[in-house]
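Okay, here's what each chain looks like letter by letter:
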Amino acid sequence: MRKRLFLFTEMYPYGHGETFLTQELEELSSQFETVFIIPNHNHQVIRKLPENVELINIEFDNNASLSSTFKNNPRLLFIFLFEIVFSKHRFTYIRQFKQYLINIAIANSHSRSLRNKINIQENDVLYSYWLNDWAMKLAILKKWYFKKNHLVSRIHGYDFDEIQTNNVFHPFRHFILSQYDKIVSVSDYGKQYVQKKYPRFNNKIFTSHLGNKSQQIITNKQDNYIVVSCSNIIQLKRLDIIIEILKYIKLPITWIHFGSGELETFLKKQTEKLPDNIKIDWKGQTKNDKILEFYSQNTVSLFVNTSDYEGLPYSMIEAINFGIPLCGRNICGIPEIVNDQTGILLNSELNFQKSAEIISDFLIHKSHNLEFRKKVKEHFELHFNAEINYQNFVKQHLKS
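The present account deals with the structure reproduced in this document. Because the structure is a prediction, the values reported are computed rather than measured. (Residues numbered from 1 in each chain as written. Predicted model: local features only at pLDDT ≥ 70, side-chain atom pairs only at ≥ 80, totals over all residues. Heavy atoms only, no water.)

**Structural notes on the packing of aromatic side chains**
Line of reasoning, step 1. Enumeration according to the criterion identifies 28 aromatic pairs in this entry.
Line of reasoning, step 2. Look at Y129 and W130: their rings are 5.9 Å apart centre to centre, the planes differ by 85 degrees, and that puts the pair in the edge-to-face class. Note on accessibility: Y129 and W130 belong to one class, buried.
Line of reasoning, step 3. Both rings, one in F294 and one in Y295, keep their centres 6.5 Å apart while their planes meet at 65 degrees; by these two values the pair is edge-to-face. Across this residue pair, the class does not change: F294 and Y295 are buried.
Line of reasoning, step 4. These aromatic residues form a ring-pair network of at least three members: F20, Y127, Y129, W130, Y158, Y314 and F393.
Line of reasoning, step 5. Here K137 stacks its cationic end above the ring of W134, 4.9 Å away from the centre of that ring.
Line of reasoning, step 6. Its end group placed over the ring of F393, R154 keeps NZ or CZ at 3.9 Å from the ring centre. (Phe/Tyr/Trp six-rings, centres within 6.5 Å; stacked < 30°, edge-to-face > 60°. Buried < 20%, exposed > 50% of the residue type's maximum accessible area, 1.4 Å probe, protein only. Lys NZ or Arg CZ within 6 Å of the ring centre and 35° of its normal.)

Here it is as structure tokens:
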């Protein structure tokens, strides 16, 4: 009997984010009798879903009475005590105990809403796409209401990397990990990070890369070099590094950026200092299918990512699918996709002039070399082919 799947997302199928879930959803819908998607937030824009995928919208109440919550459910104190015993941040919990008890009360309220509004059966699989806002409420749901149900979460980047949090740690992570059957990272870096932080849960942590449907390698002759980046224009993504490197490059380059964000006006002003051989095309927020269409019609010389922190960027997976070489910094999960076979792995701490020399040499000698681009594509097929990766993910983690 094919099971049903409850998929918990940040916003998908609303909005334009989580685009990398679309191809995985195709596999999920073919492997499960019905897939129910429950987004944490909604939006006016909604994407088309496969026939056996149903959308469930739930409005959560963020108000919860501390006194009535713990009077009616004293067992919830177990969560707080669990963290006090196992967490290195126990004194933070104790100093701010009221706020953390409020967090438990709200999560419990949300889990009750889930229990009352979705009909979860014994064989149903619960799958969270992120280990963030859903983590606590699903852990409570599993602990006290659906012990027999299989509960799985992916982790990507900010939902496990503590340096990207306001508190420098993820609250109640010990309790949460104790309730999940499997935590599946999209990178080996993420797996190793969580295993090091929470070694008592090592046997629950796995890696399963995301994937993309295979495309054709594009190699058309052109007079200049096209360098592409794709991200939100925010501090974390460090597009200022690309600007600094381009100052030292003498080749005719068109830098195309897909995405928008709060630093857009500031960075556009900075690019006015670039030499005349550098042309810039700010594409703004662009639908994913339009980006892929651009890759299919143009020979992109190099895809660049200079972020301070990353899991394993899906934008890079999409790029190497077309045989586009990559350039990235030696941080987080980047070395799992950027190596000698796929492009240029720069030091985490950069010398802009030296980086410009390395990139210039690569553009001249390798970027348009068909044999090299075939090796880039080969790395994609071995590690990021959607058909293989998502079938294995369902078989190894959702159905076992």
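**Considering the nonpolar core**
Line of reasoning, step 1. Of all hydrophobic cores here, the largest spans 80 residues; its most connected members are L28, Y295 and L398.
Line of reasoning, step 2. The element best represented in this core is helix α9 (residues 239-246), accounting for six residues.
Line of reasoning, step 3. The residues contacting L398, other than those within four sequence positions of it, are L5, L28, F32, V125, Y127, H150, V152 and F393.
Line of reasoning, step 4. By size, the runner-up hydrophobic cluster in this structure holds 48 residues, among which are F6, A105, L114 and I205. (Core = buried A, V, L, I, M, F, W, Y, C linked by side-chain atoms within 4.5 Å. Helix = DSSP H or I, 4+ residues; strand = E, 2+ residues; numbered from the N terminus. Contact = heavy atoms within 4.5 Å.)

**A closer look at the sheet that holds strand β6 (residues 182-185)**
Line of reasoning, step 1. Within the open sheet, the seven strands sit side by side as β3-β2-β1-β4-β5-β6-β7. Their pairing is parallel. Every interior strand has two partners, whereas the edge strands, β3 (53-55) and β7 (205-207), have only one. Averaged over all pairs of adjacent strands, the angle between strand axes in this sheet comes to 25 degrees, irrespective of strand direction.
Line of reasoning, step 2. As paired strands, strand β1 (residues 5-9) and strand β2 (residues 35-39) are joined by five bridges and run parallel to one another. Bridge pairing in β2 places T9 opposite P39.
Line of reasoning, step 3. Lying on the sheet, helix α1 (residues 21-31) is in contact with β1, β2, β3, β4 (125-128) and β5 (150-155); it crosses β1 at an angle near 170 degrees.
Line of reasoning, step 4. Each of β1, β2, β4 and β5 touches helix α6 (residues 133-144); the most contacted strand, β5, lies at about 165 degrees to it. (Pairing = 2+ DSSP bridges. Axes fitted to C-alpha atoms, helices over the stretch in contact; angles between N-to-C directions.)

**Topic: the pairing of β2**
Line of reasoning, step 1. Of all five residues in β2, five are buried, a share of seventy percent or more.
Line of reasoning, step 2. Taking every second residue as pointing to the same face, both faces of β2 are buried, with V35, I37 and P39 on one and F36 and I38 on the other.

**A closer look at the state of the cysteines**
A covalent bond between the sulfur atoms of two cysteines is referred to as a disulfide.
Line of reasoning, step 1. Across all of its chains, the model carries zero disulfides by this definition.
Line of reasoning, step 2. For C230, which is in no disulfide, the shortest distance to another cysteine sulfur is to C327 and amounts to 16 Å.
Line of reasoning, step 3. Take C327: its relative accessible area is 0%, and that puts it in the buried class. (Disulfide = S-S within 2.5 Å.)

**Considerations on the sheet that holds strand β12 (residues 326-329)**
Line of reasoning, step 1. In spatial order, the strands read β10-β9-β8-β11-β12-β13; together these six strands make up an open sheet with parallel pairing. Only two strands of the sheet have a single partner each, and these edge strands are β10 (278-284) and β13 (343-346). Averaged over all pairs of adjacent strands, the angle between strand axes in this sheet comes to 20 degrees, irrespective of strand direction.

**Focus: the packing of α1 against helix α15 (residues 386-398)**
Line of reasoning, step 1. At a closest axis distance of 10 Å, the pairing of α1 and α15 adopts a crossing angle of 50 degrees. Taken together, the axes of α1 and α15 are oblique relative to one another. The element α1 and its partner α15 pack so that their crossing is right-handed. Residues Q23, E24, E27, L28 and Q31 of α1 form the contact with α15, whose own contacting residues are A386, Y390, Q391, F393, V394 and L398. (Parallel < 35°, antiparallel > 145°, perpendicular 65-115°, else oblique. Left-handed = near helix turned anticlockwise from the far one by under 90°.)

**Here we look at the pattern of salt bridges**
Line of reasoning, step 1. Inspection of every chain in the model, using the stated rule, returns 16 salt bridges.
Line of reasoning, step 2. We note a salt bridge from E26 to K213, for which the minimum N-O separation is 2.9 Å. Highlighted residues: E26 in helix α1 and K213 in the loop between β7 and β8 (225-230), separated in sequence by 187 residues.
Line of reasoning, step 3. Taking relative accessible area as the criterion, E26 reaches 36% and is therefore assigned partly exposed.
Line of reasoning, step 4. On the basis of relative accessible area, K213 is assigned to the partly exposed category, the value being 42%.
Line of reasoning, step 5. Here K283 ties to D281 by a salt bridge, and the two come within 3.0 Å at their closest N and O atoms.
Line of reasoning, step 6. Given a relative accessible area of 27%, D281 falls into the partly exposed group.
Line of reasoning, step 7. Connected through salt bridges with shared partners, the residues R238, D240, D308 and R329 form a single ionic network. (Salt bridge = Lys/Arg side-chain N within 4 Å of Asp/Glu carboxyl O.)

**As for the packing of helix α5 (residues 97-117) against α6**
Line of reasoning, step 1. Across the interface, α5 lies against α6 with an axial gap of 8 Å and an inter-helix angle of 65 degrees. Along this stretch, α5 crosses α6, giving a crossing that reads as right-handed. Taking contact as the criterion, the partners of I104, A107, N108, H110, S111, L114 and R115 in α5 are, on α6, W134, M136, K137, L138, I140 and L141.
Line of reasoning, step 2. Along the lines of polarity and charge, the residues of the contact of α5 with α6 split into eight nonpolar, three polar and two charged. (Nonpolar A, V, L, I, M, F, W, Y, C, P; charged D, E, K, R; others polar.)

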